[in-house]
Amino acid sequence: MKKSITSRVMAFFLMVLLVTATFLGDSWTQIRVYAADGVTLKLHYHRKDGDYQKWDAWMWPEGGEGAGYPFEKEEGDMVATINITNGASRVGFIVRTKDWDKDYPDDQYVDISEVVSGTVHAYVESGTEGATKKYGDDVVIGTKLKKAVYDGKNMLQLTLTGKMNDKLKDSLYVVGRDGKIKIKSVALSKKVSDSEYLYDVVLVEKLDASRSYRIGFEDREYPVSMPIIYGEKEFEDKYTYTGNDLGASYSKNKTVFRLWAPTAQEASVNLYESGKPWEKDLKEEVKMTSDKNGTWIAEVQGDLKGTYYTFKVVLDGLDVEACDPYARTTGVNGKRAMVIDLDSTNPQGWDEDKNPHAGIKMTDAMIYELHIRDFSVDENGNIKDAGKYTAFTKTGTKTKGGNPTGIDYLKSLGVTHIHLMPFYDFGSVDENLQTTERFNWGYDPVNFNVPEGSYSTDPYNGETRVKEAKQMIKSLHDNSLSVVMDVVYNHVYSGKDFCINRLVPGYFSRINADGTYSNGSGCGNDTASERSMVRKYIVDSVCYWADEYHIDGFRFDLVGLLDVDTINEIVKEVHKNHPDVIFYGEGWSMNTDITKENVILATQKASDKTPSFAYFNDNIRDNLKGSVFNTSETGWASGAKNCEKSLKASFMANETWCKNPTQIIQYASCHDNNTLFDRIATARPKIDEETRIKMNNLAAAYYLTSEGVPFMQAGEEILRTKVKEDGTFDDNSYNSGDKINCIKWENLDDKKYQENLEFYKGLISFRKEHSLLRLDSRKEIDKRVTPIENLDENVIAFTMDNEDKKVEGEPSEKIILVFNPNEKGTSISLPKGKWNVCVNGKKAGCTSLGAVSNNVTVEPFSTMILVKGNTGAVKGARRTRTMQYIAGGFMITAIICAAFIFILVPSRKYKK
């Protein structure tokens, strides 16, 4: 844009003012933001300690997506850059570490609304609110349109950075799908400040609230923010479709396509030769017919198996193409859906495949969280198809030292459920890159009903990923392991690019009146689950995975952003056909802009509203190892004081937010934040490794024997650690690669890790043997589990009572559990009788490690569990002896019978 003399003078004047007001230190960090119209923002970040190594900037143009940007050195300063393409009037920023420790707690903004082009500097002091701006000598100041909002009647309110002259007023226009809308008048309504003016634009006719419009200003068109009508009763009554045939319904003779797009003028199906979006291989465009409740339908004769397709709609005169939201599979990177014969993808025996733990109680579950790539990519595991679904089908794999790896290892642990981190189609891994290492956790959904292609052996063939995902699940089931799928319905990879938001603009996400996305997830967009067709989509999706893939459980990421009605409908619909499927998720409370009134979100505090859904217990997690938000803080297991009261309540599944043990997930570590072993190290860096292992195992023993539902991160049992090249611990390894994230199978050949593995296996075995640890009601827990009082400081102990022998499946009369986090041993008096020690600081299991009476000493940093009556192993031993007696009896009887036959029956050779 050509500069005027006036704008040069203004820019120079403002620059001089700000230069004189701004101190430039020696240790400043710069962040550059380049806008599409030539505006560049440099945010200079200063720290007194001069340490910028762990810091970067999370930045976003107002109304746009956020992302993290690394600092790069430039002329002595550290500079991060971002391109802005939406003509934003403000740029938001958060200076943070990768685990989201913030330099300043609130979101901050730099206002660039008055800048037409040029460079703007903003100076931020660490820990201080606000930024001081300075203009570069290339800045051009002018009037810019910040936003245009329709009032639902016949007026637009414009927010501008300066006054409009007659020429600007005359150049204004409003346009929609049917052409330009006549303007009746334009008038200044209010001067808010020297850089903010409000104008009322009165239209000749009322706008259609279900359509999109744009306003033309200064040779550029801007979207008009329309009233959100998607959640209104009139819209939902008219456009809520209840059928079960959305997407592509395949048969050999024909395929029927149905799309929900109520705001579209036209719709069609594009049929392609391949799933490669860069190929111009369109075979046919099939026009769709408008049908009921805002749906469009088309029927194509013939066998379309293997044909790739997209939907195209016309919105306000513009063509928009997107993948089918109900796609069952796709080509590479999920841009084109594929018609598939799902029956042909079933592995052998699929019809007989079932949940190996059907019928167990929720508290009988023992959940093990695992990333598909982490599981097999370490070469020392000797697992073929490393990093793929099919690695789970490989049996007989071993380390160099002969220890089981892969699925044989999982089976030997004794866990019931394998929680697989996201394996729907996600956006953070480019499936087209055939490099050895393509890693991400995958919490960025693109296609919710499609398996991720990077885990398949052929991401280009849509059938392969479906077949191989089913093979993985079948193999896990065949090895007595139920499968939990990690699902992320609370946000998507890109709000603007998500297929539903493209086909029905903004419908899937919570979008504010000013056009910005609600961002409680911290991922740029929140899902509007309270809308009828969003709810239907999520319910349909979960049911599909349970029906088609035989999934046995679902873990919901940030479920506190979804509403309780959606969660309850999911549970109800899935349980109609699969009553044994389990549900749990992260019920943290987060700020989000709900689009309807009287909506309750599925948080911990609302757990009573979702009685068949469980929530992660952050109380036991943080009390055991220290807060996840302060890695230097100790927990009870690593030396913190005064945690007993809270931890006793947690052990008994008696939290302030929930009293129902079937709704409480007990854990000390998961994929987020540090591993348990690393977290103890960050809090107690000077302790020796032996002590750290003891603290690790003390924490493990506590949550693995607590009432509720135990959950553990894969590798915790072999002291999993994630060490970066600089020697620090990685507490957010979502894209850190295989070297940091993989399961280190070679450690199994080390005695230290083998002993720890056996300790965890013993704890799991003990829990499964003793139903006193798996009570499923508040009443039973309060009746049978009692804290022991008058112990040494920090020591926690419980008795569990089954003297009435009414706890089904419990072999013992009583159990005593003692947990000692102190540096000294502790002595505890025992009730009368003989007590078998089943768990001590070194070993765990169902076999007695020795009998004691009167009193016992529990070693420092250790657990002791004592059983009165049958330990479980004793019961097993008695069963074995009984079987031996029976077998012996049969043998003696057989010998006697043989003797009689020998004496009484004459031999054939003497017979005449």
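K.L.:
Sorry, what's going on with the overall build of the chain here?
P.N.:
Regarding its fold elements, the chain presents 17 helices and 46 strands. In terms of C-alpha radius of gyration, the chain reaches 32 Å, essentially the compact-globule figure of 29 Å for 912 residues. Across its three principal axes, the chain shows a C-alpha extent of roughly 125 × 75 × 50 Å. The burial tally for the chain puts 56% of its 912 residues in the buried class. Counting only contacts in the chain whose residues sit at least 6 apart along the sequence, the fraction spanning at least 24 positions is 68%. Element-wise, carbon and sulfur atoms account for 48% of the exposed surface of the chain, whose accessible area totals about 39400 Å². Treating the 116 positive side-chain charges of the chain as one cloud and the 131 negative ones as another, the clouds have centres 4 Å apart.

K.L.:
Explanation requested: the pairing of strand E21 (residues 254-260) in the structure shown.
P.N.:
Across a regular strand the side chains alternate sides, sitting on one face of the sheet and then on the other. Of all seven residues in E21, six are buried, a share of seventy percent or more. Where strand E20 (residues 247-250) meets E21, four bridges bridge the pair, whose relative direction is antiparallel. Along E21, the bridge assignment pairs Ser249 with Val256. Between E20 and E21, which pair antiparallel one after the other, the connecting turn spans three residues. Judged from the seven bridges that link them, E21 and strand E25 (residues 295-301) form a sheet pairing that is antiparallel. Pairing of Thr255 across the sheet is with Val300, part of E25.

K.L.:
Could you clarify how one ought to interpret the packing of aromatic side chains in this entry?
P.N.:
In this description, a pair of aromatic rings is defined by centroid distance and the angle of the planes. As enumerated under the stated definition, the model contains 44 aromatic pairs in all. Site record: aromatic cluster; members linked through ring pairs are Tyr326, Tyr424, Phe448, Tyr489, Phe498, Phe508, Tyr537, Phe556, Phe613 and Tyr615. The aromatic ring of Tyr460 is capped on one face by Lys276, whose charged end is 5.6 Å from the ring centroid. Taking the ring centre of Tyr549 as reference, the NZ or CZ of Lys470 above it sits at 5.7 Å.

Thresholds, definitions, all that
Residues numbered from 1 in each chain as written. Predicted model: local features only at pLDDT ≥ 70, side-chain atom pairs only at ≥ 80, totals over all residues. Heavy atoms only, no water. Helix = DSSP H or I, 4+ residues; strand = E, 2+ residues; numbered from the N terminus. Rg over C-alpha atoms; globule rule 2.2 N^0.38 Å. Buried < 20%, exposed > 50% of the residue type's maximum accessible area, 1.4 Å probe, protein only. Contact = heavy atoms within 4.5 Å. Areas by Shrake-Rupley, 256 points an atom, 1.4 Å probe, with all protein chains shown as cover. Lys, Arg positive; Asp, Glu negative; His and termini not counted. Charge placed at Lys NZ, Arg CZ, Asp CG, Glu CD. Pairing = 2+ DSSP bridges. Phe/Tyr/Trp six-rings, centres within 6.5 Å; stacked < 30°, edge-to-face > 60°. Lys NZ or Arg CZ within 6 Å of the ring centre and 35° of its normal.

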